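Close look at the chain arrangement
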Amino acid sequence: MFDNVWLIPLFPLLGFLINGLLGKKIKNETVIGGIGAFAVLCSFAVSCMTILKLLSLPGEERLANVKVFTWMTCGNFNADIAFLIDPLSCVMIMIVTGVGFLIHIYSIGYMHGEEGFYRFFAYLNLFMFSMLLLVLGNNLLLMFVGWEGVGLCSYLLIGYYFHKKSAGDAGKKAFVMNRVGDFGFLLGAFTLYWFMGHNFNVWTIQFTELGKNAHLLPTGGVVTVITLCFFLGATGKSAQIPLYTWLPDAMEGPTPVSALIHAATMVTAGVYMIGRMNFLFIRSPETLMVIAVIGACTALFAATIGTAQNDIKRVLAYSTVSQLGYMFLAMGSGAFAAGIFHLMTHAFFKACLFLGSGAVIHSMHHALHHVHSHDDAQDMRNMGGLKSKMPLTFLTFLLATIAIAGIPGFSGFFSKDEILWQAFANPHHGQLNYLLWGMGAVAAGLTAFYMFRLVFMTFFGECRITPKAKDHLHESPMVIVIPLIVLAGLSVVGGYIGIPKLLGDLFGGIPNYFEHYLEPVFRLSEEYMAEHAAHGVAHHSVALEWGLMGTSVVIALIGIGIAFALYVVNTSIPAKFTATFPALHRAVYNKWYIDELYDYVFVNPCKALGRFLWKGFDVVVVDGVVNGVAKVVMSFGGIIRYMQSGFVYDYSWSMAFGVVVILGYYLFK
Amino acid sequence: MDMITIPAVNMTPIMPEIFLSVLAMALLLINVFVPSGQKSYIGYISFIGVIAAAVLVGTGWGMHVESFNGAVVQDNFASFFKMIFLLAAGLAILISDQYMVREECNHGELYPLILFTVVGMMLMAAGTDLMTIFLGLEVMSVSLYVLAGFNRENRKSNEAGLKYFLLGAFSTGFLLYGMALTYGATGSTRIADIATFAAQQSLPSSNVMLLAGMLLMITGFAFKVAAAPFHMWTPDVYEGAPTPMTAFMSAGPKAAGFAAALRILLVSFSTMQADWSQLFWVLAVLTMTVGNITALRQDNIKRMLAYSSIAHAGYCLVGFTAGNPTGTAGIMFYMLSYTFMNIGAFAIIVLVGKKGEPNGNVMDFAGFGFKHPALAVAMSIFLFSLAGMPPTAGFIGKFYLFSGAIQKGYIWLAVIGVLNSAASVYYYLRVMVYMYMKEPTEEFDWLQVSAPIALSLLISVTGTLVLGVVPSIVLQYAQEAIKLI
Amino acid sequence: MEQIIFYILAAVAVIGTVLAISEKHPVHAILYLVTSLFAVAVVFYLLMAPLVAVFEVILYAGAIMVLFLFVIMMLDLGHPEKGFSPHWREWLPALLLSLVSIASLVMVIVSRHSQLAVPAAQSIPIREVSRRLFQGHGVAVELISLQLLFALVGALYLGKQQASSPGLPPSSAPERVSGSEEKSP
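Values in this document were obtained by computation on a predicted structure and should not be read as measured data.

Moving on, we get to the overall build of chain A. The helix and strand tally for chain A stands at 28 helices and 2 strands. Here the C-alpha atoms of chain A give a radius of gyration of 28 Å, agreeing with the 26 Å that 2.2 N^0.38 yields for 669 residues. Projected onto its principal axes, the C-alpha positions of chain A cover 95 × 65 × 55 Å. Sequence separation of 24 or more characterises 80% of the internal contacts of chain A that already satisfy a separation of 6 or more.

Printed below as a string of structure tokens:
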């Protein structure tokens, strides 16, 4: 049925091989970029065919394990290269290949003239391959291979400008934080495999098999440990508290990378993983609560930092962290479909925002370069008034901003509102729900504020660079603008496939297509949760739902209003505010000193430990062992002076010794 | 007076050996007429010959033919190992040319000697008689002594050849003594007859002569595969020998040693498995640990890979200790993987070396990743594979070796193996740290990649990755082969 | 009677070999070795293996030893008997191993566990030896010939002096070229 699904990851792999091996020789940027983009386009085409085939099946049959070949098999352990096709993986491959293709197109224009153009496209294709492996893999091991692969590409691309020290440092930071997360993932996977096998004789790492046998698992206890391990992995990959600080630093990479890897796809892998293993997570209410709380905290916390950043990409980075927090809030509330829905809409508008900011930076960079200015091309304080210079970029950026701010009618509204409602109404966390909802709503207001602050500072008001440089500002080429337009369009209409029931009823019973579509994946879990709900399914009135929806919209509008007042009407207020509350501003601006805290608590002790290991362990122990072995043997009756002396007769001593001991033991035992 | 009838013998099992011997002798004669600047052509002919021999081996797959009254056999086990030897020889021939020309040592005798080594190794794998195995080993060893000292203008190479010769002769003494005792105990040198004899004994390990014979044979093979404490020759010989020959020695003879030991122990001494498993447990732990710990402090990259080669022999001994189909098929798979990754790594070392100072240090790789990204990526793949990281062949190989041990209940052995494997990551990654994180001290402008080396690198990288991603295409053959001996 | 002759011959063989090793003058050493080989040849004869006995005399005692003698006399290396005797570290492994061999043989004989599976001694005619050799071990015979050929090739290759550098002076002091582990602090 889905026999050709293996083509989906294969095309980017071929693209990687061609560009990686021959790119240096090809030299022609159009050809290199064309190969890279075409490979992803082919994957996209196959993905479309796959999802159409899937939709043509009745809901119950929308599940297929496509085995390509056996990778490893040994006794009870069996790992296949096999792909899992179900509604969840299909929506993911559509996002990955679709958004990925647009970003590839964009990169052809954006990376024009960069050194190592072929390297960039080779890495990008390798990333696509790994990401597709991650979402399509039908077992834990294959998912982990993809998980590591995307991480590797992420470091390579963060450190793309490796001659810049900050880029190298950012790569290292991402590496270390992800290692912590990966350790959690592996620990969880091993424990799960062993626990299922040892106790229930279900030796499998395949998701469908695990899901079928999940009913054997107890609630809480070991499952809580396993799921928390997995969640630790997710916090590393998806930049949640406490492992989120690498993501803002990762903005050192080229902007298309930020859009593709650090906004639309890779960082959502944690969310996807929880969705994929929903059967496991629902069996631990404690873990769900932890996920919901961490998600809500991250959403709020990152949003506060976002309000005080001046680097355009950093604002978007904190916004990404915050939006990922929403997705985890949804997962933790048991609203898996809502989380995945937000993952999708976020991919659209955040990719659009990043690419738009890239277009702005690109233009600014050129303008500043022309007048030999060393001002920061990414600092919003240097921007302003770009509306008239880059009208198309402005328009697309504005649409995406409205979408992320949660204004009714745009995609972000539908997904965010669904999450907030589920956070409020879910039957799992009792009184905590009100707090979760409150944090989410406040974060929504802050999101609207800092996003519009960004728009106003960048596109409105007076241009703050020198007039001479201003003349060099211009709209980007079509190869950059077209992906922006497509993504902006998706940010607007993308939400209509998942209209909440409340609104759908209002407009003549339009069903929530998206939730319906994902139902085969999550239905069992939802039924289970409804049975085991800790606090009973509360029946909230329609009026309450309307009220909450209205409240969140009003909060968002207030956020926009404040931004408008501060950055358009009376631009002196922010400075006054900063002057009045210098400590608060400094704390927010410096990201609540979390990096410094981590440096103090983790990095410095680790460095000290490292120094100790180097000075102490390496020199004393390793050398000690090597020399010690020599010493022990030397002192062994003074027979052998040097083990590896270079003298043949010393070597024959060792052999003679071996023979004597072996024969002596066996013949006299 | 009746004539001694020479029985009609079936030559098919040793067709590849005959072909290679004839080719080697013909090349020796041709060599006389080839002017000294054009010895590379002998290498090219040898390479084609190796491919032809591989085709001959391949056509015999699946057949079981005994010949010479059961002195040699053609079975899948032998064919699998023959393929490994031919692969090692082919890759070694490909990387020899450029090196030998650079070191002004491109003498035509090299290639026939390599081919002849392969003949010896093939007979070790195909021999079902202790005599055949011993002579195969001697044929292999004598050629290897010369190959190790092939750069006769170089003192280190001379030293390597001589040391290898002296110690090799020493170890051969044990082996032969062991075979003699076994013959004395059983009255036959045929592996099958020894097995029959051992099976008739109620407690074969109480037969002191048989036991001593087996133990001495094990020590002889332990020398050939460089297992501790019979490993001491390895670093000196590997360091001194010409680099392509080091590559060849680390892959081919090691595999041949395992092939012969596997056949003898699994067939003849299967009833004494409890005894030899115990011995191999100790040897495996000792070999892995000694190899890895000593490799940690090596700066000379050839010495480092020599110690690493000792450690890899230790991993294979883990599979030997298990002695079950998973472990033994794991050895076969691992030797094939090791051939790809180790010869690949040595090919890079050949390239990085300069004339007159071909024995590179790890520091010589500083900044290599920036100057030659493609070669550095290839080297990284080999190092990853040697360290046993997925998705490379080395990972899969270790997975099967250790799985075999776990299935047999040797949990601690597997744990020690994994710990060793983790320790080894340190010194492999050290090379990568130099390649990617240090400022280049050299321009590497002397570095040229000749077509044969490029081909060998392509084969090695492909092999390392394909075996890591699709191991089943080879593993099923190994499992099939081990079942039938 | 046979037993007595055997023990005398065995003693001659062992003493001859020991003297061959300990004697510093190469010509004397070779003569001791010839003596030892002769003794072994007669032991073979006693074991009813006349063919091996004859081979032992013709090949080892005759051809090879005479060749050694010629080479030593032709090279005329001065007075090696005035050189230093090897250090105990150098010969002790060999002694140890021969002790191991003897010990294991003694074990085998003493432990009577194992009945020797080798058929009782009886004279084997040459015809039978040839039949065994060429029928049972045909491949081995061919292998040995090949091995000798390539040992010859190797020896010739290594022994051939490079045309460019005639008469390299032999390095006098035995130098440690490589090997010893660097013992960095």
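Attention shifts here to the nonpolar core. Within the largest apolar cluster, 223 residues are counted, with the highest numbers of intra-cluster contacts made by A:Leu132, A:Leu329, A:Ala351, A:Cys352, A:Leu355 and A:Leu487. Broken down by element, this core gets its largest block of residues, 21 residues, from helix H15 (residues 336-370) of chain A. In this structure A:Leu355 touches A:Ile103, A:Tyr106, A:Ala259, A:Pro483, A:Leu484 and A:Leu487, once residues within four positions along its chain are discounted. Of all hydrophobic cores here, the second largest spans 215 residues; its members include B:Val285, B:Val290, B:Leu375 and B:Tyr427.

When two helices pack together, their arrangement is given by the angle between the helix axes and by the axis-to-axis distance. All names here are of chain B. Between helix H6 (residues 155-186) and helix H8 (residues 208-224), the least distance of the axes is 7 Å, while the angle of their chain directions is 155°. With respect to H8, the element H6 is oriented roughly antiparallel. The handedness of the crossing between H6 and H8 comes out as left-handed. Contacts between H6 and H8 involve Ser171, Thr172, Phe174, Leu175, Tyr177, Gly178, Met179, Leu181, Thr182, Gly184, Ala185 and Thr186 from the former and Met209, Leu210, Ala212, Gly213, Met214, Leu215, Leu216, Met217, Thr219, Gly220 and Phe223 from the latter. Within the contact of H6 with H8, the residues separate by chemical class into 14 nonpolar, 9 polar and no charged.

All names here are of chain A. Within strand S2 (residues 77-85), 7 of the 9 residues are buried, leaving the element largely enclosed by the surrounding structure. Here strand S1 (residues 64-74) runs beside S2; their pairing, made up of 9 bridges, is antiparallel. Across the sheet, the residue bridging to Phe69 is Ile81, located in S2. Hairpin connection between S1 and S2: a loop of 2 residues separates the two successive antiparallel strands, and Gly75 in this loop has a positive phi of roughly 60°.

Residues and elements named next belong to chain A. Most of helix H10 (residues 255-264) sits out of view: 10 of its 10 residues are buried. Within H10, burial applies to Thr255, Pro256, Val257, Ser258, Ala259, Leu260, Ile261, His262, Ala263 and Ala264. Looking at the packing, one finds that the buried side of H10 touches helix H3 (87-110), helix H4 (117-136), helix H5 (140-158), helix H9 (246-249), helix H14 (312-332) and H15.

What follows covers the interface of chain A and chain B. If you look at the interface, chain A gives 24 residues, while chain B gives 35 residues. For the side of chain A that touches chain B, the element with the most residues is helix H28 (residues 648-668) of chain A, which contributes 12 residues. The class makeup of the residues in the side of chain A that touches chain B is 17 nonpolar, 7 polar and no charged.

Criteria and thresholds
- Residues numbered from 1 in each chain as written.
- Chains lettered and ligands numbered in written order.
- Predicted model: local features only at pLDDT ≥ 70, side-chain atom pairs only at ≥ 80, totals over all residues.
- Helix = DSSP H or I, 4+ residues; strand = E, 2+ residues; numbered from the N terminus.
- Rg over C-alpha atoms; globule rule 2.2 N^0.38 Å.
- Contact = placed C-beta atoms within 7 Å.
- Core = buried A, V, L, I, M, F, W, Y, C linked by C-beta atoms within 7 Å.
- Buried ≥ 20, exposed ≤ 12 C-beta atoms within 10 Å, placed from the backbone.
- Axes fitted to C-alpha atoms, helices over the stretch in contact; angles between N-to-C directions.
- Parallel < 35°, antiparallel > 145°, perpendicular 65-115°, else oblique.
- Left-handed = near helix turned anticlockwise from the far one by under 90°.
- Nonpolar A, V, L, I, M, F, W, Y, C, P; charged D, E, K, R; others polar.
- Pairing = 2+ DSSP bridges.

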